[in-house]
Amino acid sequence: MEDAKKPGVLVISHGSPDEHWVALVEAAVAEAADDLPAGLPLACAFLETVEGRLIQDGIDQLEGQGVTDMIVIPLFVSSGSTHIDEIAYALGVKDAPEKETDLERFRVSARVFFGDPIDDGPLVAKMVWDKVKGLSVRPEREVLLLVGHGSNHPGFLQRWERGIASLAAQCAELAGLAGGADYALLNPDSLSAKVRDWSERGMDVIVAPLFLSAGYFTKVTIPERLKGLAHRYSGEALLPHPLMARWMSQQILNIMGSVIG
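If you're wondering where the values come from, they're calculated on a predicted model, not measured in any experiment. (Residues numbered from 1 in each chain as written. Predicted model: local features only at pLDDT ≥ 70, side-chain atom pairs only at ≥ 80, totals over all residues. Heavy atoms only, no water.)

Considerations on the side chain of Glu142
Rule in force here: Note on conventions: DSSP H or I runs of at least 4 residues are helices, E runs of at least 2 residues are strands, and numbering of each starts at the N terminus. Pairs of N or O atoms within 3.5 Å make up the polar contacts considered here, provided that, within protein, one atom can donate a hydrogen while the other can accept it, and that residues adjacent in sequence are counted only when both atoms are side-chain atoms. Contact between two residues is taken to exist if any of their heavy atoms lie within 4.5 Å; hydrogens are not considered.
Among the structural elements, Glu142 can be located in strand S5 (residues 142-150). Side-chain polar atoms of Glu142 contact the side chain of Ser136, separated by 2.6 Å. Within the structure, the side chain of Glu142 is placed 2.9 Å from the backbone nitrogen of Arg138, a separation counted as a polar contact. If we skip the residues at most four places from it in the chain, Glu142 touches Leu135, Ser136, Val137, Leu177, Ala178, Gly179, Gly180, Met203, Asp204, Ile206 and Arg232.

Structure below.
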């Protein structure tokens, strides 16, 4: 007779030396747990930096609770992140990484059900717009410009572009600005060129950073590249936002219902 299944959830994000960055992720995961079945084992783990809370620690924690079916939610903003590729490989979801990695295979006995990164969707578009809509004063002459990390690696860059272009279209529909919405990447750098282009068209540019939590890129990199350019920028990342918890819980419940059963 087949052994009883016991599902559990492992949410993986990048990690940061900034304790506030980590706390925001943990708070969102804890909030997501409120919408999940009572007693469902759930662990929040980080790719690097957060000692004692790394991915193997999360796996061990869940398997120590008897989890046989592990739902993994990669809490990264884009499918174009090379970290998605290396984590999937290290978890045994794929036989080989697309890009060379130092990450070794994890010790995992449970079946792994690998979810999707954030990318796009109605909930994500609302998060983005909620963070910057207070900057809109003349919608008849404004454009929303999403800014993502991007990638210099072939294949990964295309995934970044697909996801952020789709999200920009969804944000445009939601925001109702005359210029709609566009996107720029930091790698390869297109931010200043995009801001100049829209400004030359007579549009006021509202810049929205597409990052999970505030950090070096939102506080230093983006402002430096915007110096001397006409723009409006709040620097607010996706977290904190209550819809992030809903995004996670919906994906977890969908996987539980359609794959694990």
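Once the structure has been displayed, the description carries forward.
Brief notes about the nonpolar core
Applied cut-off: What is meant by a nonpolar core is a set of buried Ala, Val, Leu, Ile, Met, Phe, Trp, Tyr and Cys residues, joined one to another through side-chain atoms within 4.5 Å. Buried, partly exposed and exposed residues are distinguished by accessible area as a fraction of the type maximum, computed with a 1.4 Å probe on protein chains only: under 20%, between the cut-offs, and over 50%, respectively.
Counting residues in hydrophobic clusters, the biggest one holds 53 residues, and the most contacted among them are Met244 and Met248. No other element matches the eight residues that helix H8 (residues 242-260) contributes to this core. What Met248 contacts, discounting residues up to four positions off in sequence, is Val11, Ala28, Val29, Ala32, Ile73 and Leu75. The next biggest cluster of nonpolar side chains, apart from the first, holds 18 residues, and it includes Ala43, Ile55, Phe76 and Leu91.

Brief notes about the pairing of strand S7 (residues 204-209)
This is how the line gets drawn: Any two strands with at least two DSSP bridges between them are considered paired. Note on handedness: a crossover is taken as right-handed if, strands pointing away from the viewer, the path from the first strand over the helix to the second is clockwise.
S7 sits mainly inside the fold: six of its six residues count as buried. For S5 and S7, the ladder comprises six bridges, and the chain directions are parallel. Paired with Val147 across the two strands is Pro209, which belongs to S7. Examined bridge by bridge, S7 and strand S8 (residues 232-233) share two bridges and lie parallel to one another. Counterpart to Val207 in the pairing with S8 is Tyr233. Following the chain from S7 across helix H7 (residues 216-226) to the adjacent parallel S8, one finds a crossover that is right-handed.

Notes on the sheet that holds strand S2 (residues 42-46)
Heads up, the condition is: Where helices are involved, their axes are fitted lines through C-alpha atoms of the stretch in contact, as for all axes, and angles between N-to-C directions lie from 0 to 180°.
Read across the sheet, four strands follow the order S2-S1-S3-S4 without closing on themselves; strand pairing throughout is parallel. With one partner strand each, in any of the chains shown, S2 and strand S4 (111-114) form the two edges of the open sheet. Neighbour-to-neighbour, the strand axes of this sheet turn through a mean angle of 25 degrees, independent of strand direction. Sheet topology note: the strand S3 (residues 69-74)/S4 ladder contains four bridges and is parallel. Looking across to S4, one finds that Ile71 is bridged to Phe113. Lying over the sheet, helix H1 (residues 19-33) contacts strand S1 (7-13) and S2, oriented at roughly 160 degrees with respect to S2. Against the sheet, helix H2 (residues 55-64) touches S1, S2 and S3, its axis set at about 165 degrees to S2.

Digging into the sheet that holds S7
Across a sheet, paired strands are connected by hydrogen bonds in the backbone, their directions being either parallel or antiparallel. Pairing is parallel in the open sheet, where four strands are placed in the order S6-S5-S7-S8. Bordering the open sheet on either side are strand S6 (181-187) and S8, each of which pairs with just one other strand. Along the sheet, helix H4 (residues 122-132) makes contact with S5 and S7, crossing S7 at roughly 120 degrees. Against the sheet, helix H5 (residues 156-175) contacts S5 and S6, and its axis sits at roughly 150 degrees relative to S6.

Quick notes on the pattern of salt bridges
How we decide: Counted as salt bridges are all cases of a side-chain nitrogen of Lys or Arg within 4 Å of a carboxyl oxygen of Asp or Glu.
Following the criterion strictly, the structure yields 16 salt bridges and no others. Note that Arg53 is salt-bridged to Glu26, the shortest N-O span being 2.3 Å. Here Arg53 is found in the loop between S2 and H2, whereas its partner Glu26 is found in helix H1, with 27 residues between them in sequence. Residue classification places Arg53 among the partly exposed residues on the basis of a relative accessible area of 28%. What makes Glu26 partly exposed here is its relative accessible area of 28%.

Considering the packing of aromatic side chains
The cut-off we apply is this: Pairing of aromatic side chains requires ring centres within 6.5 Å, counting the rings of Phe and Tyr and the six-membered ring of Trp. Pairs whose planes differ by under 30 degrees are stacked, by over 60 edge-to-face, and all others tilted. Note on criteria: charge over ring means Lys NZ or Arg CZ within 6 Å of the ring centre, with the direction from the centre no more than 35 degrees off the ring normal.
A complete count under the given rule lists two aromatic pairs for this structure. A centroid spacing of 5.6 Å and a plane angle of 15 degrees characterise the contact between Phe211 and Phe217, whose relative ring orientation is stacked. Between the aromatic rings of Tyr216 and Phe217, the centroid separation amounts to 6.4 Å while the plane-to-plane angle is 80 degrees, which identifies the pairing as edge-to-face. Residue class for Phe217 comes out partly exposed when judged on its relative accessible area of 32%. The residue whose ring lies beneath Arg159 is Phe156, and the NZ or CZ to ring-centre distance is 5.0 Å. When the ring centre of Trp198 is taken as origin, the NZ or CZ atom of Arg201, which lies over that ring, is 4.0 Å away.

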